[in-house]
Amino acid sequence: MAEENPDGVVIGLEIHVQLNKLNSKMFCACSTDYHNSEPNSNTCPVCLGLPGSLPVINEKAVESAMKVGLALNCDIVEQTQFHRKNYFYPDLPKGFQITQYDYPIANDGKIVIESDEGEHVVRIKRAHMEEDPGRMMHIGNIEKSKGTLIDYNRSGMALLEIVTEPDIRSPKESRRFLDKLRNIIEYLEVFDSNLEGAMRVDANISLQGGSRTEVKNISSHKGAERALLYEIMRQKNIMRRGGEVTMETRHFDEEKGCTVGLRSKEAEHDYRYFPEPDLTPLRVADRVPKVTKTLPELPDAKRERFLSQYGMTEMHAKALTSDIRVSEFFEEVAKEVDPKTSASWVADVLKGELNYRELTVDAFKVEDMISIIQMVTQDKITEKSAVEVIRQILDYGGKPDEIVRENGLLKVEEDVVSKAVTETIQENEQAVNDYFAGKEKSLNYLVGQVMKKTRGRADAKEVRELLVDKLNK
Amino acid sequence: MGEPMNISKIKSEIAKTSSEEVLNSYLEKINKSKINGYSTVYDEAVEEARDIDKNGHDGILAGVPVAVKDNISTDGIPTTCCSRILEGYTPPYDAHVVERLKSEGAIVIGKTNMDEFAMGTSTETSCYGPTLNPWDTGKVPGGSSGGSAAVIASDEAPVSLGSDTGGSVRCPASYCGVVGLKPTYGTVSRYGLISYANSLEQIGPLANNVSDVAIMMDVIGGHDTRDSTSVSQKTNYQNTLKDDVNGLKIGIPEEYFGEGIDPEVEESVWNAINKFEDMGATWEKVSMPNTSYALSAYYIIAMSEASSNLARFDGTQYGYRADGDNWHVMASRTRAEGFGTEVQRRILLGTYALSAGYYDKYYLKALKVRTLVKQDFENALSNVDVLMTPTMPTTAFKLGEKIKDPLSLYLADVNTVPVNLAGVPSISVPCGFSDGLPIGLQIIGKHFNESTILQAAYSFEQNTDYNAGRPGEVE
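Only a predicted model underlies this, so the values are computations on that prediction, with no experimental measurement involved.

Each value, and the rule that gives it
- The residue numbering used here restarts from 1 in each chain and proceeds along that chain's sequence as written.
- Each chain is given a letter, starting from A, and each ligand a number, starting from 1, according to the order in which they appear as written.
- Only residues with pLDDT of at least 70 get local features here, since the model is predicted, and only at 80 or more are side-chain atom pairs given and counted; chain-wide, interface and lining totals rely on the full set of residues.
- Values shown for side chains rest on all heavy atoms present in the structure; no hydrogens or waters enter the calculation.
- Starting at the N terminus, helices and strands are each numbered in turn, a helix being any DSSP run of H or I of at least four residues and a strand any DSSP run of E of at least two.
- Here the radius of gyration uses the C-alpha set of atoms, whereas the globule reference equals 2.2 Å times the residue count to the power 0.38.
- Residue exposure (1.4 Å probe, protein chains only): buried if accessible area is under 20% of the type maximum, exposed if over 50%, otherwise partly exposed.
- Whether two residues are in contact is decided by their heavy atoms: any pair within 4.5 Å suffices.
- Note that accessible areas follow from Shrake-Rupley with a 1.4 Å probe, and for residues the cover is restricted to the protein chains shown.
- Residues grouped as a nonpolar core are buried Ala, Val, Leu, Ile, Met, Phe, Trp, Tyr and Cys residues, joined through side-chain atoms within 4.5 Å.
- Grouping into patches uses exposed residues only, defined as over 30% relative accessible area, and leaves out salt-bridged ones; the cut-off is 9 Å for like charges and 5 Å for nonpolar side chains (Val, Leu, Ile, Met, Phe, Trp, Tyr).
- Salt bridges are defined as contacts in which a side-chain nitrogen from Lys or Arg sits within 4 Å of a carboxyl oxygen from Asp or Glu.
- Positive residues here are Lys and Arg, negative ones are Asp and Glu, while His and the chain termini are left out of the count.
- By convention, the point assigned to a charge is CZ for Arg, NZ for Lys, CD for Glu and CG for Asp.
- You can read pLDDT as the predictor saying how much it trusts each residue, on a scale of 0 to 100.
- Boundary definitions for the domains trace back to an automatic or database domain assignment.

### Things to note about the overall build of chain B
A tally of regular secondary structure across chain B gives 15 helices and eleven strands. Relative to the globule expectation of 23 Å for 475 residues, the C-alpha radius of gyration of chain B, 21 Å, shows essentially globular dimensions. Seen along its three principal axes, the alpha-carbon backbone of chain B occupies a region of about 70 × 60 × 45 Å. Taken over 475 residues, chain B has a buried fraction of 64%. A fraction of 76% describes how many contacts in chain B between residues 6 or more apart in sequence connect residues 24 or more apart. Accessible surface, chain B: about 16300 Å² in total, of which carbon and sulfur atoms supply 48%.

### Considerations on the nonpolar core
Counting residues in each nonpolar core, the largest one holds 216 residues, and the members touching the most others are Ile 162 and Phe 177 of chain A together with Leu 101, Phe 117, Phe 276, Phe 377 and Ile 443 of chain B. When residues in this core are grouped by element, the largest group, nine residues, is from helix α9 (residues 291-309) of chain B. In terms of nonpolar packing, the next biggest core, distinct from the first, is built from 35 residues, Ala 317, Val 326, Leu 354 and Val 404 of chain A among them.

### Points about a negative patch on the surface
All names here are of chain A. Among the surface-exposed residues, Asp 459, Glu 462, Glu 465 and Asp 469 lie close enough to one another that they form a single negatively charged patch. One can find Glu 462 in helix α15 (residues 460-471). The exposure class of Glu 462 is partly exposed, given its relative accessible area of 42%.

### Description of the confidence of the model for chain A
For chain A, mean pLDDT is 90; residues scoring 70 or higher make up 96% of the total. Model confidence for chain A, summarised as mean pLDDT per element, is weakest for strand β14 (residues 258-264) of chain A at 77 and strongest for strand β5 (residues 96-99) of chain A at 98.

### Focus: the domain arrangement of chain A
Each assigned domain of chain A is listed here: domain 1 (10-291), domain 2 (297-406) and domain 3 (414-471). Inter-centroid distance (C-alpha atoms) of domain 2 of chain A to domain 3 of chain A is 37 Å.

### Description of unusual backbone geometry
Residues and elements named next belong to chain B. Looking along the chain, the bond that leaves Gly 143 and enters Ser 144 is cis, with omega of 5 degrees. Locating Ser 144 in the fold gives a position in the loop between β3 (107-112) and α5 (146-153). A positive phi angle, near 55 degrees, is found at Asp 435, a position not held by glycine. Along the chain, the position of Asp 435 falls in the loop between β10 (426-434) and β11 (437-444). Assessed through its relative accessible area of 74%, Asp 435 is described here as exposed.

Shown next, in the form of structure tokens:
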């Protein structure tokens, strides 16, 4: 069955991925760690665009871009070239952005995503390298600001702009695509999606019979679905009222969750692209074999391996490989304890607790997970206690054995329970008689007595069964 | 008539007295000068001279004052491209060439006057007013490195650096009767040179003689990782210069002796060629058929690149800033008030040439012409070792004579711009006088073959006396 798309929604995405795991910027040696730095501290004449400064290509950035291109099944161009995109904006220190134009590093790739009718191919048109502008901070709000501050720490950060063909048919599909893209790029160790501004999306969207609009400023993969849902609704309503959707660029207001018109396409800038004279064309074809060798196992391949190597369920394999850190965490745990059990604990329990707290798996130690699972499999604690321990660690920290001890979570050994049951039967003749006389409530009393003797550490259900067992012997 | 100064004389002078004294005598001369050769005089340089006197320095330019064109970044010394828009801008870093000069003990004595953003042939578009030609103060010194040439001729510095985008070192060298070299593209790092037209320009030295130019090239040349277009290795021209042109094959491109050439200039250049023949060289005529298209192609490429290079001057970070209610108004006004007429003209023309719908017609076509011009040089230089032409078709013209007619100014560059399109090296050496004004001979070589043109120029200088006199103090 084909995915239902009665409105003829066509979506194409342009995704800016910041290669934020590089040590230095795209065209200079400045540090890329702008999140933890004083504003304008990671700058030099090059990324400030000072007169006389010249760009030098960061070879590592080129190789990272090639890695992404290869992982997205793209062809890597023989020789790549940088161009200047000329426009004036306060965050753009040179008055132009160094980007790529007719010789992007990668062309013609694809990503296969799941859709409701099975696999769906989203073609990648191209991926090109460019530099990030600075970051503007408005004093007060954007409309009535007393002034604007510019932080050039971000200026010159290496970006990869990935452009899809218009193959996406719904906001849900765009979310799946972006999740998959993010997942793949994270596997390549070139990008950390958790940093602010790491992934920014522009979306081109049209409905059957309408013009295309471009929605800019979607600052996360999560925002994309919301922006598209709003934009489809807006376009549908215009058409329903008999109006015409005009070709324009719209701005996504993250706070309000709506899109706002910016400028019509006719008033589009003429960017006057021309080859960057300060950089010579760069032959990259020779490097493809070398870079291909550095490609890690990608999500799809890893999922297949998890299925065959560990015999886990499809659902677990998917959950564990949808985040490279989680997959690595799982494999560490699985070295020590049964993989299927580990898969269940990591995928079903830990991931859920982490998501609930908006934490990443880095917040939890492999050794703690191992020791918790071992306590369960060795019957020292109940599954319920194990979940409790995980929560405690996430909320307050601490070591599993300490938490178990301090909270008295250790299961009582069976002979102790058994002894307590025998004693209770002997010591409570009246209650035993009442039980045989058909007074069911007296059994509750007896359970209570056993629990008292074991100071509550016994499992009440087990105690009840044991009592019935012994009484009826 | 004064006597030209040179590096070795300066060094013996320093040995006899001190770097500080030599520097001070230069500063005194500069203060008395009327030619307006400097945009900024760096009096604080005395500290560096004292330091060298105190601690010694084994660099080849130890204690030697050097004048640096105002578009080459100098840490702590204003660098304004002689434009109002860079008013108050002091770079926080040294250009590669300045680092090299300093590491050899040279002292930057000041920044030299130039056409605003190196756009001109007369040094009249400077926001600090024109530099006067020391040989005749009613004449222009040439441009755009007019200050760098004039201060050598008037002995306000022994050596200097200029930049040559379409003749900006060779033209003023010719008009001021000094030696100026435009190195092969990629020989000298452009890191720190404020770009006018990146794909065309090189920093080049100016001096009173060829040996000093060779020394300066050895100091400033060589690979620099910060300039991706820098390719060459370190050189040792100063110790390999010989007075020997035996067997040198000279090509004379007829196209460079065309319409507009002053008969006396033509005669002087032919006398020079005959002199080379007397010294053991041979010459033949060569054809460079695409020369007539070079000038238009050059201006389209230069202006296109300039329109982008100069976009950064918007008042946001540094330099002049106009008032405005918002950024767009502020930036527009800054550019309208900060840039001079000629710079604005070139930005507008360059923007036009790069615009959608015109790109193929102008910029792309200019690049094709550039390829043809390059081929002309390859063909011509496959049969001969060097090409010789007049550097400029005339001697220095009157101040104010051409400034109102940009086209006539552009035409003056006809013999120098093809060299920049091709990227080959070229040197201008004095080869005569007309009405007391110097005439320059241009010697063009093959890519990275500076040694041949330096040696030809050196031999010519050793066997002639066109370079023996100086105009003396200009009062």
